[in-house]
Amino acid sequence: MTTEALIEVHDDAAALATAVAGELLARLADAQSADRVPHVVLTGGTIADAVHAELARLGAASDVDWTRVALWWGDERFVAAGSEDRNAGQARAAFIDALGVPAEHVHEVPSTDDVATAEEAAERYADALAEHGADGFEVLMLGVGPDGHVASLFPGFPQLDEQERSVVAVHDSPKPPPDRVTLTFPTLARARSTWFLVSGEGKAEAVARALSPAATPAETPASVPRGREETTWFLDRPAASHL
Ligand SMILES: O=C(O)[C@H](O)[C@@H](O)[C@H](O)[C@H](O)COP(=O)(O)O
């Protein structure tokens with residue numbers, strides 16, 4: 001079942017980040033009230049950084065028990081663990097360490113420190129998902145590129161067609177760095193709630209394309225992911241300006 005996309009527009013990036021963080025905290029608390037350990041898929045990118053900062057600001061005072069949250073990444077750059085390019089490193093510094101999520105619940109994609117190739121990193125992450133990924137994700141957050149990519153699923157790339165493997169390597173990424181690991185569409189589809197986080201005029205065309213009935217996965221990967229229960233586009237006014 002695919003859910004129709006809901007669209008929520010906020011004045012600017014700061015208001016957008018505060019709204020997403022607040023909604024995420026509420027969802028995590030609701031899941032825990034229903035005795036679920038919520039699994040959240042984080043994304044890299046600029047607006048995600050702003051959301052993470054708001055989680056750090058609001059998270060400690062929230063009703064969320066951070067020892068009962070599991071974190072994953074929709075994609076990761078295949079670089080050294082300490083590289084400033086790592087999505088996980090940025091998220092740890094921004095909120096994960098401050099809120100005390102237990103190490104065993106923070107599922108990082110292997111880095112070049114751990115394995116020799118992005119393919120090995122993808123295989124290990126697929127194993128981790130199979131072993132610890134529960135029956136899906138409470139919330140999947142996705143940034144969107146100006147070309148309409150989500151995670152590291154880029155227009156015209158062969159990874160868009162992957163239906164068997166849950167995690168794959170990406171090389172020659174048009175967005176640096178070139179080597180990455182990404183969840184595939186079937187894995188992204190395991191989310192109860194899929195949230196797109198998009199800020200800025202530079203994304204307005206990609207947002208309009210992704211929400212157009214004429215969108216094709218090959219041209220606009222962001223048109224594909226849908227939550228099993230909810231799909232919401234969290235936008236600021238500039239990003240919504242072509243709708
Ligand atoms: O690892 C990555 O690069 C991200 O996961 C990527 O998918 C990102 O979310 C978009 O490119 C949007 O990034 P910005 O918000 O910085 O434009």
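Residues numbered from 1 in each chain as written. Predicted model: local features only at pLDDT ≥ 70, side-chain atom pairs only at ≥ 80, totals over all residues. Heavy atoms only, no water.

As named in an unreviewed UniProt entry, the protein is 6-phosphogluconolactonase, taken from Nocardioides marinisabuli. Heading Pathway (unreviewed entry) of the UniProt record for the protein holds this comment: "Carbohydrate degradation; pentose phosphate pathway; D-ribulose 5-phosphate from D-glucose 6-phosphate (oxidative stage): step 2/3." If you open the UniProt record of the protein and go to Sequence similarities (unreviewed entry), you find "Belongs to the glucosamine/galactosamine-6-phosphate isomerase family. 6-phosphogluconolactonase subfamily." (UniProt positions renumbered as here; feature names shortened; annotations may be inferred.)

(A) Looking closely at a nonpolar patch on the surface. Nonpolar side chains collect at one region of the surface, where Ile7, Val9 and Leu243 lie side by side and expose about 250 Å² of accessible area between them. Considering the arrangement of structural elements, one finds isoleucine 7 in strand β1 (residues 5-10). A residue is classified by how much of its surface remains accessible, and isoleucine 7, at 45% relative accessible area, is partly exposed. (Patch = residues over 30% accessible without salt bridge, like charges linked within 9 Å, V, L, I, M, F, W, Y side chains within 5 Å. Areas by Shrake-Rupley, 256 points an atom, 1.4 Å probe, with all protein chains shown as cover. Salt bridge = Lys/Arg side-chain N within 4 Å of Asp/Glu carboxyl O. Helix = DSSP H or I, 4+ residues; strand = E, 2+ residues; numbered from the N terminus. Buried < 20%, exposed > 50% of the residue type's maximum accessible area, 1.4 Å probe, protein only.)

(B) Geometry of the nonpolar core. Counting 68 residues, the largest nonpolar core has Leu42, Ile96, Met141 and Trp233 as its most contacted members. At eight residues, helix α1 (residues 13-33) tops the list of elements feeding residues into this core. The contacts of methionine 141, once residues within four sequence positions are left out, are Val20, Leu24, Val40, Val41, Leu42, Thr43, Trp195 and Leu197. (Core = buried A, V, L, I, M, F, W, Y, C linked by side-chain atoms within 4.5 Å. Contact = heavy atoms within 4.5 Å.)

(C) Expanded view of the UniProt feature "domain: Glucosamine/galactosamine-6-phosphate isomerase" (unreviewed entry) in the protein. This chain's UniProt record puts "domain: Glucosamine/galactosamine-6-phosphate isomerase" (unreviewed entry) on residues 12-233. Across residues 12-233, helical content stands at 33% and strand content at 17%; the span's end C-alpha atoms are separated by 14 Å.

(D) The arrangement of the pattern of salt bridges in detail. Tallied over the full model, the rule gives 13 salt bridges. Residue arginine 180 pairs with aspartate 75 through a salt bridge whose shortest N-O separation is 3.4 Å. Separated by 105 residues along the polypeptide, arginine 180 in strand β7 (residues 180-183) and aspartate 75 in strand β4 (residues 75-77) bring together distant segments of the chain. The exposure class assigned to aspartate 75 is buried, which follows from its relative accessible area of 5%. Two residues, glutamate 162 and arginine 165, come together in a salt bridge whose shortest N-O distance is 2.9 Å. A relative accessible area of 12% means that glutamate 162 is categorised as buried. Three or more residues joined by partner-sharing salt bridges are found here, namely Glu76, Arg86, Arg92, Asp97 and Glu108.

(E) Summary view of helix α4 (residues 118-132). Helix length check: α4 (15 residues) gives 21 Å between terminal C-alpha atoms against 21 Å at 1.5 Å per residue, within 8%. Taken residue by residue, α4 has Ala118, Ala121, Ala122, Tyr125, Ala126, Ala128 and Leu129 as its buried positions. Buried residues in α4, looked at end-on, bunch into an arc of 160 degrees, giving them a common side. Across from the buried face of α4, at angles greater than 90 degrees, the exposed residues are Glu123, Asp127, Ala130 and Glu131. For α4, the secondary structure elements touched by its buried residues are β3 (70-73), β5 (137-143), β6 (167-170), β7 and α5 (185-188). Of the residues one or two after α4, alanine 134 is the one with positive phi, at around 55 degrees. (Expected span 1.5 Å × (residues − 1). Arc of directions from axis to C-beta.)

(F) Here's a closer look at the site of the ligand. Within the structure, the ligand sits among 15 residues, and Thr46, Asp75, His149, Ala151 and Lys203 are positioned closest to it. Here arginine 77 contributes a side-chain N or O atom positioned 2.8 Å from an oxygen atom of the ligand. Take arginine 180: an N or O atom from its side chain is 3.3 Å from an oxygen atom of the ligand. Computed on the free molecule, the ligand has an accessible area of 420 Å², of which 92% lies beneath the protein chains in the complex. The pocket occupied by the ligand, as judged from atoms lying within 2 Å of grid points, is the largest pocket. Mapped onto the shell around the ligand, the elements with two or more residues apiece are α2 (46-59) and β4. A breakdown of the residues in the shell around the ligand according to their chemical character gives three nonpolar, seven polar and five charged. (Near = heavy atom within 4 Å. Polar contact = N/O pair within 3.5 Å; in protein donor to acceptor, adjacent residues only side chain to side chain. 1 Å grid on protein atoms, 1.4 Å probe; cavity = no way out; pocket = protein on both sides within 12 Å on 5 of 7 lines; lining within 4 Å. Sits in = over half its atoms within 2 Å of the grid points. Nonpolar A, V, L, I, M, F, W, Y, C, P; charged D, E, K, R; others polar.)

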